[in-house]
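Architecture at a glance
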Amino acid sequence: MSLIPHLINGERVTGTGRSAPVFNPSTGAASREVALADQATMDQAIASAKAAFPAWRNAPPAKRAQVMFRFKQLLEQHEDKIAQLISEEHGKTVEDAVGELKRGIENVEYACGAPELLKGEYNRNVGPNIDAWSDFQPIGVVAGITPFNFPAMVPLWMYPLAIVCGNCFILKPSERDPSSTLYIAELLLEAGLPKGVLNVVHGDKQAVDALIAAPDVKALSFVGSTPIAEYIYSEGTKRGKRVQALGGAKNHAVLMPDADLDNAVSALMGAAYGSCGERCMAISVAVCVGDQIADALVEKIVPQIKALKIGAGTTCGLDMGPLVTAAARDKVKGYIDAGVAQGASLVVDGRDLVVAGHEEGYFVGGTLFDKVTPEMTIYTDEIFGPVLCIVRVGSLEAAMQLINDHEYGNGTCIFTRDGEAARLFCDEIEVGMVGVNVPLPVPVAYHSFGGWKRSLFGDLHAYGPDGVRFYTRRKAITQRWPARKSHEAAQFAFPSNG
Ligand code: NAD
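It should be emphasised that the depicted structure is a prediction, and the values quoted were computed from it without experimental measurement.

1. Topic: the site of the ligand
- The immediate surroundings of the ligand are formed by 28 residues, with T146, K172, E175, S225 and E382 found nearest.
- Within the side chain of E175, a nitrogen or oxygen atom sits 2.7 Å from an oxygen atom of the ligand.
- Taken by itself the ligand offers 840 Å² of open surface, and the protein chains cover 90% of this.
- Taken together, the elements giving at least two residues each to the shell around the ligand come down to α8 (205–213) and β11 (217–223).
- Considering only residue class, the shell around the ligand consists of 14 nonpolar, nine polar and five charged.
- Two domains each put at least three residues into the shell around the ligand: domain 1 (3–247 + 455–477) and domain 2 (251–436).

2. Observations regarding a positive patch on the surface
- A grouping of R57, K218, R473 and K475 is seen on the molecular surface, where their side chains present a positively charged patch.
- Residue classification places K218 among the partly exposed positions, given a relative accessible area of 39%.

3. Some words on the pairing of strand β19 (residues 411–415)
- β19 sits mainly inside the fold: five of its five residues count as buried.
- Every second residue of β19 is oriented toward a common face, with G411, C413 and F415 on one face and T412 and I414 on the other, all of them buried.
- Looking at chain direction, strand β13 (residues 251–255) and β19 are connected through four bridges and run parallel. Within β19, the residue paired with H252 across the bridge is T412.
- Pairing between β19 and strand β20 (residues 433–436): four bridges, direction parallel. Considered in β20, the bridge of I414 is made with V436.
- The β-α-β motif built from β19, the intervening helix α15 (residues 419–428) and the parallel element β20 has right-handed crossover chirality.

4. Some thoughts on the packing of helix α2 (residues 61–77) against helix α7 (residues 179–190)
- Closest axis-to-axis distance for the α2/α7 pair is 8 Å, and the angle between their directions is 135 degrees. Here α2 is positioned oblique relative to α7, judged by the angle of their axes. Between α2 and α7 lies a crossing of right-handed hand. On α7, the residues that touch V67, M68, F71, L74 and L75 of α2 are I184, L187, L188 and E190.
- Residues of the contact of α2 with α7, tallied by class, amount to eight nonpolar, no polar and one charged.

5. Remarks on helix α3 (residues 79–90)
- In this model α3 runs 16 Å from its N-terminal to its C-terminal C-alpha over twelve residues, within 8% of the 16 Å that 1.5 Å per residue would give.
- Extensive coverage of α3 is indicated by the burial of nine of its twelve residues.
- By the burial criterion, the buried members of α3 are E79, I82, A83, L85, I86, S87, E88, E89 and H90.
- Buried residues along α3 sit against β1 (3–4), β4 (19–24), β5 (29–35), α2, α4 (94–111) and α7.
- Note on α3: the residue one or two positions beyond its end, G91, has a positive phi of about 105 degrees.

What counts, and where the lines are drawn
- Residues numbered from 1 in each chain as written.
- Predicted model: local features only at pLDDT ≥ 70, side-chain atom pairs only at ≥ 80, totals over all residues.
- Heavy atoms only, no water.
- Near = heavy atom within 4 Å.
- Polar contact = N/O pair within 3.5 Å; in protein donor to acceptor, adjacent residues only side chain to side chain.
- Areas by Shrake-Rupley, 256 points an atom, 1.4 Å probe, with all protein chains shown as cover.
- Helix = DSSP H or I, 4+ residues; strand = E, 2+ residues; numbered from the N terminus.
- Nonpolar A, V, L, I, M, F, W, Y, C, P; charged D, E, K, R; others polar.
- Domains from an automatic or database assignment.
- Patch = residues over 30% accessible without salt bridge, like charges linked within 9 Å, V, L, I, M, F, W, Y side chains within 5 Å.
- Salt bridge = Lys/Arg side-chain N within 4 Å of Asp/Glu carboxyl O.
- Lys, Arg positive; Asp, Glu negative; His and termini not counted.
- Charge placed at Lys NZ, Arg CZ, Asp CG, Glu CD.
- Buried < 20%, exposed > 50% of the residue type's maximum accessible area, 1.4 Å probe, protein only.
- Pairing = 2+ DSSP bridges.
- Right-handed = clockwise from strand over helix to strand, strands pointing away.
- Axes fitted to C-alpha atoms, helices over the stretch in contact; angles between N-to-C directions.
- Parallel < 35°, antiparallel > 145°, perpendicular 65-115°, else oblique.
- Left-handed = near helix turned anticlockwise from the far one by under 90°.
- Contact = heavy atoms within 4.5 Å.
- Expected span 1.5 Å × (residues − 1).

Below is the structure:
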């Protein structure tokens, strides 16, 4: 079985550490092994990034941007290969994999604007013959730790921007589906990135802990589940690092009585069952305002859930593939069992789905619960599977209270034709990303991405303008060139323009 190596200082390195199997979720078979870094391998990667930093920080931003231009072209050229690799190890459909790659490429395009993004701010004559400017300088060696569910897009949220800002990067991708992430990183080297500026080191907790402990790693970007986000945020900040840690989610869609139901149902189908529900922005709760819209939703959506085309993600034209691992499948089935035991009404049950020819794959069919109440675990917890819960409430205010009381605040949306309701929702909802008749309001690359409450730890959101701030340190410079032959006496009062 082939061993997926690390990428350190431009070279493929296997190290002498442990390894772990990588499975094809459609067949349940282990298809590759991935090297898991030990301390020595991580030290090697950090040393390589540190050595590359002085030259890279001084490379003109326009030169750095040129590498990103070539990288974008290579990503587009190799789209099919990347989508295939994603699908083989993650299980999502190839069309969905292409979608994630295209959203990742948006971030590379944004990074191509480095000279503009890093222009800084300038004022002439802030005092007599005194000019002032703010410079955005790189931090040094920074690291990113990414989840399995977007092996191409989430790393591309991080390192293109970090790198054009002048930093050197160590990426620790998910050990569950690392091949596409590594392949993409090698394309960046092919685009002309100097050795050591981007290093990819695979691993598990041991590798992450080595990054947290390393004094030379100055900042950590994390995307993954909330318990790990909290851990990395608290351990990283304790050591004086800059940390942004994006966590889990439970995203609600509110259906108002006046919603365009046909379009809302199509939107919910894609947002709840696309990628088998393994998206941090997946809609997992439909909050129906009134029984009438709830009954109409059930009537329309049930046949569509039963008609979902499910199979091996690598087959074209499907709606849904398998879950990522056997453990993920068992966890999702466990939640469905719990929903039944806790009294929710199971309208469509995906537990017994068997895909012919893929009997050992990690499949769960589209599942729908109605009459879910807030104390049930299918409502409180992030299931991360193809399970949609309907909660019935009496008013928009009750729907908003429900959402605001939830511990997570990543994404939400409202389906309505009423501008006043939509405006109130946008103003008052305690969630970081909001859609109005848009089910997956993932911000484009030139806005930033981030949730509220226990969906994000840190002050700045990911990518976009916040990303530039996260990956740079502001330096304010005040400079005086006295007029020729002038002489000024010492001043003991605090300098001002008064
Ligand atoms: P995960 O938390 O299990 O893993 C994320 C990363 O952390 C991986 O690289 C993994 O190797 C590492 N890791 C795992 N256990 C660790 C430990 N004990 N100590 C240190 N590091 C550890 O998440 P996942 O299952 O890969 O991804 C799914 C989760 O990510 C979901 O909760 C989802 O909502 C979340 N997610 C959030 C966003 C967002 O933008 N908020 C985006 C994508 C995914």
